[in-house]
Amino acid sequence: MNILFVMYDQLRFDYLSCAGHPHLETPNFDRLAARGVRFTNAYVQSPICGASRMSFYTGRYVSSHGASYNNYPLRVGEMTMGDHLRAAGMDCWLIGKTHMAADAEGMARLGLAPDSVIGARQAECGFDVWARDDGLWAYGPDGYYDERRSPYNEYLNSKGYDGENPWADYATAGTDGDEIASGWMFANADRPANIREEDSETPWLTSEAIAFIDQVKGPWCAHLSYIKPHWPYIVPAPYHAIFGPTDVLPVVRDPRERENPHPVYAAYMEGAVAKAFQREEVRQKVIPAYMGLVKQCDDQLGRLLDHLEATGAAATTMIVLTSDHGDYLGDHWLGEKDLFHDPSVKVPMFVVDPRPEADATRGTTCPALVEAIDLVPSFVEAAGGTIAEHILEGRSLMPWLRGETPVWRECAISEFDYAATSAGQSLGLAPRDCRLFMAFDGRYKLVHAEGGFRPMLFDLDRDPREFEDLAKAGGHDAVIDRLYDRLNAWARRQSQRVTVSDAQIQGNRGASTRRGILPFLVDGSEVPNELTQRYRGKVRQRHVDPD
């Protein structure tokens, strides 16, 4: 069995036809949903790229692995998906984005050379790299946002696109007469990108995946990590013109949300991206482009699935598809991601296992509270390995695929460290107080904010759009207390004893007595004679006067 782990960047859970979008047809996402299980309540461990991905790749909560924001290094030595899968006999490869920042100081302290096998894996989040491209080749007066080499820019140069950064000049820009119309400006979102469609980011990465699959020897796990539909919101023809303003769904927001809002929420509503998406003309341009990007992703997924079927690889490949977080697109008076409304923190998740054991659940949905960290233990079980439960904090999804009903979590947890954002600065908070925690039990969603703020509370049964913050007026103390109990129990989890497993501890119980450690005995009769045998017998030499 091989594993193809597909991730899209900033793909909303509800922008798929199988999830109910009325205008956006995604037959290939639907095709996967018909072949496997679609998990309808999947939540990421942080609604921001870097922190979310580090949880996907380690199988651990953000406060366990510590890489709590974009470009925060994952500490050297942290176990990753690649480490767990290699122990199970499966190679683990990267094709696309990780947003991983290497712990260069830690590697130097331990003498790990970046060009060694172990050093390269430490620097690449545990993966062997087929092609890494994080997809944001922005550059300005102070240089590049990402200083690594860009395989995609090299590809574009090889195809005749000129300049130092064709990603910025062509792939994410249109034209306005003879002028570049950059995708960084929302006003240009309705223009076609100035690039041949087959050379744009999503087809390029699909071609890289096909080339990898055609030469790899199994068993393998490949993380195919697409850059889109993440901004810049601009897409090549014909996708730029498939959707228009009439396809834009009404914005999901309510004046009640602006009445005495939680201070952190208020700070985000006043941010630049929120202000932009509060303008309807921005939504009318951006959302059709976003939908076009999703449609292109769907078409390229179809190309990949067709190739797997034509080569026979589909019969031996588990396919898992998800996103690292969502996109507000103006809902809740916000843009981007970062907070815990469902458009931001909830993601699509499909698991297709081709083996007969999963036949009974094909084409079904599962409403269980699933977390991003559940994928690594699922992969380990699928690979026939032993799940390191003292390290991995998620739970395998494989029983759900077999039609079983395992004992499952009662609450999904997500965290967000916003210390590096303008919201933390505008609130005047110390970095350690810029932290949010979500506890969601399937009905009630509690958001706890450090820094002395009140909580937020939403009842998704009665208020599925999350307009009414019940904690504003009080009267829900019992629900708030119950969810705080859940959050506090989670906070007390054992998360840092990663070098010794529970099984090892249980196996070693009592072992010290058989190695001669016999403290607290009164006369030796408390233990079997064999344990004291070497401490009894005639004295062989006398070095003190006899009594």
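The text that follows walks through the structure, step by step, so that each part is easy to find. Within any chain, residue numbers begin from 1 and follow the written order of that chain's sequence. Owing to the predicted nature of the model, reporting of local features is limited to residues with pLDDT of at least 70; listing and counting of side-chain atom pairs is limited to 80 or more, with chain, interface and lining totals taken over all residues. As a convention, hydrogens and water are excluded, and side-chain values are obtained from all of the structure's heavy atoms.

Burial classification: accessible surface area is computed with a 1.4 Å probe over protein chains only, and a residue below 20% of its type maximum counts as buried, one above 50% as exposed, and the rest as partly exposed. Where helices and strands are cited, they refer to DSSP runs of H or I of at least four residues and of E of at least two residues respectively, numbered from the N terminus. In terms of burial, strand β18 (residues 444-449) is largely enclosed, as 6 of its 6 residues are buried. The alternating pattern of β18 places Y444, L446 and H448 and K445, V447 and A449 on opposite faces, both of which are buried. Being paired, for any two strands, means DSSP has found at least two bridges between them. As judged from the 5 bridges shared by strand β17 (residues 435-440) and β18, these two strands associate in the antiparallel manner. Its bridge partner being in β18, F440 is matched across the sheet by K445. Between β17 and β18, which pair antiparallel and follow one another directly, the connecting turn spans 3 residues, one of which, G442, has a positive phi of 100 degrees. By the bridge criterion, 4 bridges tie β18 to strand β19 (residues 456-459) in an arrangement that is antiparallel. Residue Y444 lies in a different strand from β19, and its bridge partner there is D459.

Looking now at the environment of A430. When you line up the elements, A430 lands in the loop between α16 (422-426) and β17. Residue classification places A430 among the partly exposed positions, given a relative accessible area of 37%. Sequence separation between A430 and R497 is 67 residues, and the spatial gap between their C-alpha atoms is 29 Å.

Right, let's talk about the packing of helix α1 (residues 27-35) against helix α12 (residues 280-311) for a bit. At a closest axis distance of 7 Å, the pairing of α1 and α12 adopts a crossing angle of 50 degrees. Taken together, α1 and α12 sit at an angle that is classed as oblique. Residues P27, N28, F29, R31, L32 and R35 of α1 touch α12, and the partners they reach there are V294, K295, C297, D298, D299, L301, G302, L305, D306 and E309. Three classes are used: nonpolar for Ala, Val, Leu, Ile, Met, Phe, Trp, Tyr, Cys and Pro, charged for Asp, Glu, Lys and Arg, and polar for all others, with Gly counted as polar. Its residues placed into classes, the contact of α1 with α12 shows 7 nonpolar, 2 polar and 7 charged. Think of each axis as a best-fit line through the C-alpha atoms, taken over the contacting stretch in the case of a helix, with angles from 0 to 180 degrees between the N-to-C directions. Any angle from 65 to 115 degrees is called roughly perpendicular, while one under 35 is roughly parallel, one over 145 is roughly antiparallel, and all others are oblique. Residues are treated as being in contact if the distance between any of their heavy atoms lies within 4.5 Å.

Moving on to the sheet that holds strand β5 (residues 128-132). Judged by pairing direction, the sheet is mixed, and its 8 strands sit side by side in the order β5-β4-β10-β1-β11-β13-β2-β14 without closing on themselves. Only two strands of the sheet have a single neighbouring strand rather than two, namely β5 and β14 (364-366). Pairs of neighbouring strands in the sheet enclose a mean axial angle of 15 degrees, with direction left out of account. Bridging between strand β1 (residues 2-9) and strand β11 (residues 317-323) involves 7 bridges; their strand directions are parallel. Across the sheet, residue V6 finds its bridge partner in β11, namely L321.

Moving on to the packing of helix α9 (residues 201-215) against α12. Where α9 contacts α12, the axes come no closer than 10 Å and their chain directions differ by 15 degrees. If you check the angle between α9 and α12, you find them roughly parallel. The interaxial crossing formed by α9 with α12 has right-handed handedness. Contacts between α9 and α12 involve T202, P203, T206, S207, A209, I210, I213 and D214 from the first element and Q296, C297, Q300, R303, L304, H307, L308 and T311 from the second. Each residue belonging to the contact of α9 with α12 can be placed in one class, and the counts come to 7 nonpolar, 7 polar and 2 charged. Handedness of a helix crossing follows the sense of rotation of the near helix relative to the far helix, less than a right angle counterclockwise being left-handed and clockwise being right-handed.

This part covers the pattern of salt bridges. A carboxyl oxygen of Asp or Glu within 4 Å of a side-chain nitrogen of Lys or Arg is what we treat as a salt bridge. Following the criterion strictly, the structure yields 44 salt bridges and no others. One salt bridge in this structure joins D199 and R196, with 2.9 Å as the shortest N-O distance. Here D353 makes a salt bridge to R355, at a shortest N to O gap of 3.0 Å.

A few words now on the packing of aromatic side chains. Ring geometry is summarised as follows: Phe, Tyr and Trp rings, the Trp one being its six-membered ring, pair when their centres sit within 6.5 Å, and such pairs are stacked at plane angles under 30 degrees, edge-to-face over 60 and tilted between the two. In this structure the tally under the stated criterion is 30 aromatic pairs. Judged by centre distance (5.4 Å) and plane angle (85 degrees), the ring pair of Y61 and W490 falls under edge-to-face. Pair noted here: Y61 is in the loop between α2 (49-58) and α3 (62-65) and W490 is in helix α17 (residues 477-491), with a separation of 429 residues, a long-range link. Per residue, the accessibility class of Y61 equals that of W490, and both read buried. Ring geometry for W400 against W408: centres 5.5 Å apart, planes inclined by 80 degrees, an arrangement best described as edge-to-face. Assessed through its relative accessible area of 16%, W408 is described here as buried. The rule for a charge over a ring is simple: NZ of Lys or CZ of Arg within 6 Å of the ring centre, and within 35 degrees of the ring normal. Of note, R395 hangs over the ring of W408, and the distance from its end group to the ring centre comes to 5.9 Å. Over the face of the ring belonging to F440 we find K445, whose NZ or CZ atom lies 5.5 Å from the ring centre.

The next subject is the environment of P166. With respect to the helices, strands and loops of the structure, P166 is situated in helix α8 (residues 166-171). In this structure the C-alpha to C-alpha distance between P166 and E154, which are 12 residues apart in sequence, comes to 8.9 Å. The residues touching P166, leaving out its near neighbours within four places in the chain, are N153, L156, N157, Y161 and A171.

Structurally, D463 is set in the loop between β19 and α17. One buried charge, D463, has no salt-bridge partner; the nearest side chain with opposite charge is R256, at 5.2 Å. Residues adjacent in sequence count toward polar contacts only when both atoms are side-chain atoms; beyond that, a polar contact is any pair of N or O atoms within 3.5 Å, and within protein one must be able to donate a hydrogen and the other to accept it. A polar contact of 2.8 Å, which involves the side chain of D463, links it to the backbone nitrogen of E468. If sequence neighbours within four positions are ignored, D463 has contacts with F458 and E468. Neither His nor the chain termini are counted; the positive set is Lys and Arg, and the negative set is Asp and Glu.

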